[in-house]
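Working through the structure, step by step
Given next are the chains, with one letter for each unit.
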Amino acid sequence: MSHLPNNIVVMGNSISAWISSAALLASVGKYGVKVSHCVLDEPATALGNMSVRPEFMDFLRLIGMPEPEFMRSSQATFKLANYFRHWNSETDEFYHAFGEFGTGMANVQFSQAHARLQQIGVSQAVDTYSLGAQMAKSAKFCHPKPDPTSVLSSLSYGWNIDADAYRDSLKHFCISRGLEVIEDALEELELTTSELSIKNVALKSKQILTADLYIDCTEKGLLMQALEQKPHSWQQQIPSCNVATMELPFTGPDAPLTTISAKQDGWLIDITTQQKRCRQYYFAGATAIDPTITQDSKNIVIRQQHYGCMLEPWVANCIAIGNAALTLPGFCVSEVDVSWLGIRQLIDQCPRFPLAKQLIREYNRLVQQRYQRLKDVTCLHLHLADGHQGLLWQQVGQSELSADLVHKIKLYQSRGKLALFDEEVISVNEQMSLLMGLAHTPKQLDLMVQQVPIGQLQNIQQKIEQAIQHAAQTAPHHAAYLKAFCSQ
Amino acid sequence: MQQKSIRQIVIVGGGTAGWMTAAALSNFIDPKHCQITLVESEQIGTVGVGEATIPHIRVFNQMLGIDEKDFLTQTQATFKLGIKFCGWGDQGQDYFHPFGAHGFEIDKLPFHQYWLHARNQGDTSALDDYSFSITAAKNNKFCFPDESSNSIYSSFSYAYHLDANLYAQYLRTYSEQRGVKRVTGLIAEVAKNATDGFVTSVILNDGQQIKGDLFIDCSGFRSLLINKALNVSFEDWSHWLPCNSAIAVPCETEGEPLAYTQSIAHDAGWQWQIPLQHRIGNGHVFCSEFMTKEQAQDILLNNLPAAPMAEPKQLHFKTGMHEKSWSKNCVAIGLSSGFLEPLESTSIYLIQLGIYKLMELLPDMHFSSVDEDEFNRVVKDEYLKVRDFLILHYKLSDPNKSPFWRYCHDMPIPDSLEQRMALFKETGYFSEYSAGLFLTPSWLSVFIGQGYFPDNIDPRVETLNFDAVSKQLQNMRHYLQQSVDAIPTHKNALNALLKGQAHSHSASLNLYGRR
Ligand SMILES: Cc1cc2nc3c(=O)[nH]c(=O)nc-3n(C[C@H](O)[C@H](O)[C@H](O)COP(=O)(O)OP(=O)(O)OC[C@H]3O[C@@H](n4cnc5c(N)ncnc54)[C@H](O)[C@@H]3O)c2cc1C
């Protein structure tokens with residue numbers, strides 16, 4: 001009979017490490033598994049601001065942290081959309097929201113109606129028909145309503161958080177819930193000889209840690225390295241680059257969004273939290289940074305970034321979570337999201353002892369597929385950019401796309417439809433609106449939409465637009481709403 | 001590129017697939033834009049035995065705007081809550097595969113883990129005792145599912161048993177009213193364009209030529225276009241699904257109609273019993289390598305619940321599917337695309353899937369290959385998942401029953417199924433498909449029903465106090481039984497609908513209700 005592991009040690013000081021500890025404590029911890037956390041002496045890298053997807057709400061529910069408390073402790077602002085600037089020659093600006101957009105009519109999908117009206121030049125950009133996008137644009141926010149007849153039910157939101165603040169607060173949260181935290185440095189990892197697994201972890205203080213399961217949340221995937229696991233490189237699909245992180249002068253929590261701007265030599269991701277404005281600049285190693293990008297900024301740190309994932313994030317008694325398992329540029333997921341994706345699957349399956357071979361195989365299969373889907377959506381963002389000449393963009397232009405992504409793009413270009421594969425992480429709505437916002441109008445439209453008189457289609461679109469404009473205008477300002485919500 | 005719409009669609013075949021396709025297309029295509037012609041041969045006839053369905057058919061009917069009362073009256077249909085597998089279970093026991101979930105989640109952990117835990121501790125309640133659909137089916141009760149996801153009455157769904165010939169006729173009237181042109185005659189030849197190999201017309205044996213832009217192959221097992229004309233090869237799965245013959249015969253009704261299909265295991269296959277309002281459909285599906293036609297017929301006739309109403313009809317088939325269901329300007333829907341055998345009544349559902357995808361990807365005159373790729377990808381993916389689920393029933397059978405079942409028990413199975421089985425065996429854990437018809441409640445029914453128990457369960461559940469778990473299970477059973485006691489009999493529910501005194505809510509594409 002298998003049983004719960006007696007103890008699990010989470011290793012690392014990354015935000016993934018604290019998310020993992022909190023999640024394990026609240027799930028298997030409550031059934032008697034001892035969860036410990038070994039910080040190691042890794043420097044706690046400054047993380048800056050990060051975007052967090054809507055699914056993170058499930059994590060908050062799991063650990064029993066009310067949303068206002070989470071937002072206070074992470075200095076979070078709300079996030080409704082990514083705001084793309086100068087992304088391609090056709091789209092100067094586009095608000096890509098999490099929530100739904102438009103509404104279909106009998107037999108006619110909204111996307112088809114929109115494409116038809118666009119073909120004859122009488123439709124607005126797709127973000128006109130998304131409440132999330134319009135509220136993001138006008139710096140408004142309110143929570144979605146569950147009532148499906150309300151336009152507010154179309155909203156979905158995430159957060160922009162100060163990841164350093166949240167990491168510290170999660171650490172305190174875990175300690176307050178009884179987590180044993182060991183702050184030490186790594187001396188040596190002892191492996192079992194019979195099969196490659198971790199026998200114990202010797203620390204500088206001479207303490208020896210022995211656990212049934214180890215969670216590798218170290219920055220460099222130290223445990224995975226010891227187990228001879230190397231990340232699979234996506235260099236062919238997403239070129240390695242430099243990432244400069246910096247803090248910009250704070251001007252107040254503005255709109256509930258993340259700004260992604262294409263530049264000649266790369267792209268910028270700007271995220272504002274309650275008291276901090278941070279920027280990440282992605283550019284090719286060989287190019288110099290345009291001084292306008294760093295103007296008035298402080299704490300500039302430049303690191304080289306390679307993208308890839310562990311093909312087997314769970315090896316023997318060790319599971320890589322977060323950056324140790326997957327790295328991607330932050331268009332659609334951040335380290336927080338990736339960590340939750342990995343640890344959530346582990347909790348769902350429930351780790352057990354003796355190690356269950358099939359369970360490990362299934363974990364790797366599912367998580368690996370999801371990583372591939374995330375990589376494809378990331379590549380899709382890059383693929384939809386054009387008109388930029390710099391070295392990084394040239395490398396992007398030469399990169400390969402997976403067969404699934406090629407099919408997805410072709411199907412959209414040809415028919416305006418979305419090909420969905422198993423284990424997609426990014427919702428249909430998000431993928432579809434991304435394509436509608438940034439790709440060319442599809443070549444061919446459904447017969448059904450061609451049969452509907454243009455006037456009727458226009459009428460419906462106008463109604464949607466009006467309902468959305470009204471809801472966006474009457475919604476509270478983000479800053480005021482945020483203040484009131486966080487003081488609850 | 002200027003878009004040039006197709007102007008003529010030709011459907012080859014007037015069986016269930018042909019008329020379902022014609023009805024769906026004619027429902028949203030204006031005949032002014034595009035003419036739909038259906039060709040069928042009275043000489044060849046139809047298979048006409050597809051009589052048990054799954055809940056998705058209700059979504060199809062609702063899409064067509066069909067009134068449920070009218071439909072039940074015209075097709076002599078009854079309600080179906082699931083399938084009872086007689087003699088398939090562990091040591092020849094019976095079990096149900098319901099259109100509904102078992103039990104309720106406790107503390108966010110799946111119900112079946114609690115049930116397994118209790119069973120390991122000596123609890124003797126059956127998994128079936130926790131299913132609303134099964135309890136209702138066993139008591140021959142029925143009600144329409146509720147829309148509120150908090151209600152116990154939303155924990156199930158339902159389908160129909162219908163007369164396939166009447167259904168085809170019903171849809172024929174529907175389609176003809178919407179402009180579908182019906183042509184009868186035997187297709188003798190299929191003409192193709194010499195350069196691109198596209199089908200240009202079908203030629204009847206009286207010389208009549210029917211031209212089209214898009215051809216839908218609904219010609220049944222003959223696969224007249226997809227295989228004979230376009231040479232798309234057939235992927236044979238008969239080593240996994242070895243039944244290849246059937247004998248069908250209707251018989252008189254006996255007592256009140258049951259609200260479930262029966263599948264009764266025999267020595268080299270199984271027998272179906274499908275209760276309609278005016279008769280019971282029966283058939284014996286078997287593998288001719290292990291049983292002669294005469295033996296099969298004897299078994300069927302000796303096991304009829306009432307007197308036969310017609311001469312037995314024999315059918316042959318090969319399980320598998322064509323490598324592509326869409327090739328060039330031809331889309332195969334129904335038996336011409338593939339057949340997985342009728343054990344779980346999935347064929348009409350697969351027809352429906354083909355129709356939905358075709359409607360979504362209806363091509364224009366450029367016939368982009370990406371439409372074809374997408375259609376084939378989605379259809380194949382679903383066939384593979386359904387195939388695995390069907391194979392599971394055979395694989396888990398008792399090898400000692402007969403040489404046929406020994407073969408099924410010992411046969412190698414696809415890796416995808418092997419892995420699902422191994423995962424469940426080791427842990428009791430299910431990985432849900434992100435898209436697929438049969439999800440946890442179905443797999444669980446068959447695993448447990450056929451005596452395939454996991455070696456381990458979720459260790460979280462094992463830490464719980466057994467008495468407390470046992471009490472919760474007891475309460476659940478009690479609540480279910482009370483809820484079933486409060487609903488009408490199947491016959492009364494059917495009559496109420498037929499008299500216009502009751503009606504159902506909107507259907508969903510979910511086998512298990514909304515809960
Ligand atoms: C034993 C058995 C039991 C089944 N039970 C179920 C069940 O319970 N549930 C379920 O969902 N499905 C079931 N099925 C499957 C179901 O019967 C079929 O999916 C359904 O009937 C659709 O068949 P079809 O229309 O594709 O083919 P058919 O019914 O065979 O129709 C073919 C059509 O093509 C026409 N045709 C063929 N050749 C020519 C030609 N040369 N010229 C002109 N016309 C031509 C024929 O006249 C006919 O109209 C069962 C199948 C079998 C074999």
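About the cut-offs
Just so you know, the residues in each chain are numbered from 1, in the order the chain's sequence is written. Written order decides the labels, with chains lettered from A and ligands numbered from 1. Note on the predicted model: pLDDT of at least 70 is required for a residue's local features to be given, and 80 or more for side-chain atom pairs to be given and counted; whole-chain, interface and lining totals, by contrast, use all residues. Excluded from the side-chain calculation are hydrogens and water; included are all heavy atoms of the structure. Here the bounds of each domain stem from an automatic or database domain assignment. Here, residues are in contact when the closest pair of their heavy atoms is within 4.5 Å. Two parts placed together each lose some accessible area; with a 1.4 Å probe, that loss summed over both constitutes the buried area. We define a salt bridge as a side-chain nitrogen of Lys or Arg found within 4 Å of a carboxyl oxygen belonging to Asp or Glu. By the criterion applied in these results, polar contacts are pairs of N or O atoms within 3.5 Å in which, for protein atoms, one can donate a hydrogen and the other can accept it, and in which residues neighboring in sequence qualify only through two side-chain atoms. Going along the chain from the N terminus, every DSSP run of H or I of four or more residues is numbered as a helix, and every run of E of two or more is numbered as a strand. Note on classification: 1.4 Å probe, protein chains only; a residue is buried when its accessible area is under 20% of the maximum for its type, exposed when over 50%, partly exposed between these limits. Nearness here has a simple test: a residue counts as near a molecule or strand if at least one of its heavy atoms is within 4 Å of that partner. Residue-level accessible areas treat just the shown protein chains as cover; the underlying method is Shrake-Rupley with a 1.4 Å probe. In this classification, the charged set is Asp, Glu, Lys and Arg, the nonpolar set is Ala, Val, Leu, Ile, Met, Phe, Trp, Tyr, Cys and Pro, and all remaining amino acids, among them Gly, are polar. Here, a strand pair is defined by DSSP locating no fewer than two bridges between the strands. Here an axis means a line fitted to C-alpha atoms, over the contact stretch when the element is a helix, while the angle between two N-to-C directions is reported on a 0 to 180 degree scale.

Let's shift gears to the domain arrangement of chain B. All names here are of chain B. With domains assigned, chain B is organised as domain 1 (8–51 + 163–236 + 322–385), domain 2 (98–150 + 414–515) and domain 3 (245–316). Centre-to-centre separation of domain 2 and domain 3, based on C-alpha positions: 28 Å. At the junction of the two partners, domain 2 supplies eight residues and domain 3 supplies six residues. Taking both partners together, domain 2 and domain 3 bury about 630 Å²; carbon and sulfur atoms supply 63% of that area. When the buried area of domain 2 at its contact with domain 3 is split by residue, N140, H490 and K491 rank highest and sum to 57% of it. Applying the counting criterion to the domain 2 and domain 3 interface returns zero salt bridges. Across the domain 2-domain 3 interface, the total number found is three residue pairs in polar contact (both at pLDDT 80 or more).

Counting across every chain of the model gives 41 salt bridges over all chains. The closest approach of N and O atoms between K30 of chain A and D107 of chain B, which form a salt bridge, is 3.5 Å. Placement of K30 of chain A in the loop between helix 1 (15–26) and strand 2 (34–38) and of D107 of chain B in the loop between strand 5 (95–98) and helix 4 (111–120) is noted, with the two residues assigned to different chains. When its relative accessible area of 45% is taken as the criterion, D107 of chain B is described as partly exposed.

So, about the site of the ligand. All names here are of chain B. The environment of the ligand is made up of 34 residues, and the closest members are G14, V47, A52, I187 and I348. A distance of 2.8 Å separates an oxygen atom of the ligand from a polar backbone atom of G14. The separation between a nitrogen atom of the ligand and a polar main-chain atom of I187 is 2.9 Å. About the coverage of the ligand: the protein hides 98% of its 1000 Å² of free accessible area. Those elements that provide at least two residues to the shell around the ligand are helix 1 (16–28) and helix 9 (347–360). Top contributing element to the shell around the ligand by residue count: helix 9, with three residues. Across the shell around the ligand, the residue classes break down as 17 nonpolar, 14 polar and three charged. Split by domain, the residues of the shell around the ligand number at least three in each of domain 1 (8–51 + 163–236 + 322–385) and domain 3 (245–316).

What follows concerns the sheet that holds strand 16 (residues 266–272) of chain A. Residues and elements named next belong to chain A. Sheet architecture is open: seven strands sit in the order 6-5-15-16-17-14-18, paired in mixed fashion. Looking at which strands have only one partner, the edges of the open sheet turn out to be strand 6 (93–97) and strand 18 (298–305). In this sheet, adjacent strand axes meet at a mean angle of 20 degrees when their direction is disregarded. Alignment of strand 15 (residues 257–263) against strand 16, held across six bridges, turns out to be antiparallel. Counterpart to S261 in the pairing with strand 16 is L268. With respect to the sheet, helix 11 (residues 391–398) is in contact with strand 14 (241–248), strand 15, strand 16 and strand 17 (277–283), its orientation differing from that of strand 16 by roughly 105 degrees. Relative to strand 6, helix 13 (residues 428–438) is tilted by about 170 degrees, and along the sheet it contacts strand 5 (81–85) and strand 6.

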